[in-house]
Amino acid sequence: MTEEQTSTFEIPTDTMHLSDLGNSRLLVQLHGKDLRWCGAMPDHGWLRWDRNRWVVDNTQEVVRLAMRVPEEWWERAPPEVDQSIGLSEEDTKKAKIRKAMLAHALKSESAAGLTSMVKLASAHADIATKQPQWDADPWLFNTPNLTYNFQTMKQHEPRRTDLITKSAMVGA
């Protein structure tokens, strides 16, 4: 997978169901480029990108990001329609959609809703990884500013796709 592919998590809107699975898909769409799951990692297996390397998420950043998903549903809901005048068929449909989306957003804010969303997100193909994928290239050496490839003698900015969790404390 290229860097470009990992930073694009477009999920068609017709698959965005008002459910825990729909929430997990929205979490991946919004924040997936900076999240990975590996069950063999400590602290529940979540890793997050810190602009230099992947670090174990021992501060529950994934939960804080999940808390933004219900807010996103609120923002995506159709605007409220003036019901003081007769509603067109289209306005009636929008009002029903709005009501359903806002009810779902409210339900999604619960601890159970957030827990389910995070658990399901860990299984998404773009998020789930295996232990052998991490720090697998022995030729790569990461610093806060650059990654050095001692096989090719080239350097590049740190990339998510290198799946590096370690970094020297000295920059280039």
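The shown structure was predicted, so the numbers you read here are calculated from the model rather than taken from an experiment.

Time to look at the pattern of salt bridges. A complete count under the given rule lists six salt bridges for this structure. For Arg76, the salt bridge goes to Glu72, with nearest N and O atoms at 3.0 Å. Of this pair, Arg76 and Glu72 both sit in helix H4 (residues 68-76), four residues apart, which is roughly one turn of that helix. Residues Arg159 and Asp162 are paired through a salt bridge, measuring 3.4 Å at the closest nitrogen-oxygen approach. Residue Asp162 is classed as buried on the basis of its relative accessible area of 14%.

It is worth spelling out the packing of aromatic side chains at this point. Evaluation of the coordinates by the stated rule reveals five aromatic pairs. Aromatic side chains Phe141 and Phe150 sit 6.1 Å apart centroid to centroid with 55° between the ring planes, which places their arrangement in the tilted category. Given the relative accessible area of 45%, Phe150 is considered partly exposed. Among the aromatic residues, those joined into a ring-pair cluster are Trp49, Trp54 and Trp134.

A word on helix H2 (residues 20-31). In a regular helix each residue adds 1.5 Å, so twelve residues correspond to 16 Å; H2 covers 16 Å between its end C-alpha atoms and thus fits that length. Listed as buried for H2 are Gly22, Asn23, Ser24, Leu26, Leu27, Val28 and His31. Tucked into the core, H2 has its buried residues touching strand S1 (35-37), helix H3 (61-66), H4, helix H5 (89-108) and helix H6 (111-121).

Contact pair H2 / H6: the axes reach a minimum separation of 8 Å and the direction vectors enclose 65°. Classified by chirality, the crossing of H6 by H2 is right-handed. Contacts between H2 and H6 involve Asp20, Leu21, Asn23, Ser24, Leu27 and Val28 from the former and Gly113, Ser116, Met117, Leu120 and Ala121 from the latter. Residue composition of the contact of H2 with H6, by class: six nonpolar, four polar and one charged.

Procedures and definitions
Residues numbered from 1 in each chain as written. Predicted model: local features only at pLDDT ≥ 70, side-chain atom pairs only at ≥ 80, totals over all residues. Heavy atoms only, no water. Salt bridge = Lys/Arg side-chain N within 4 Å of Asp/Glu carboxyl O. Helix = DSSP H or I, 4+ residues; strand = E, 2+ residues; numbered from the N terminus. Buried < 20%, exposed > 50% of the residue type's maximum accessible area, 1.4 Å probe, protein only. Phe/Tyr/Trp six-rings, centres within 6.5 Å; stacked < 30°, edge-to-face > 60°. Expected span 1.5 Å × (residues − 1). Contact = heavy atoms within 4.5 Å. Axes fitted to C-alpha atoms, helices over the stretch in contact; angles between N-to-C directions. Left-handed = near helix turned anticlockwise from the far one by under 90°. Nonpolar A, V, L, I, M, F, W, Y, C, P; charged D, E, K, R; others polar.

Take it as geometry only, folks, not as evidence of what the structure does.
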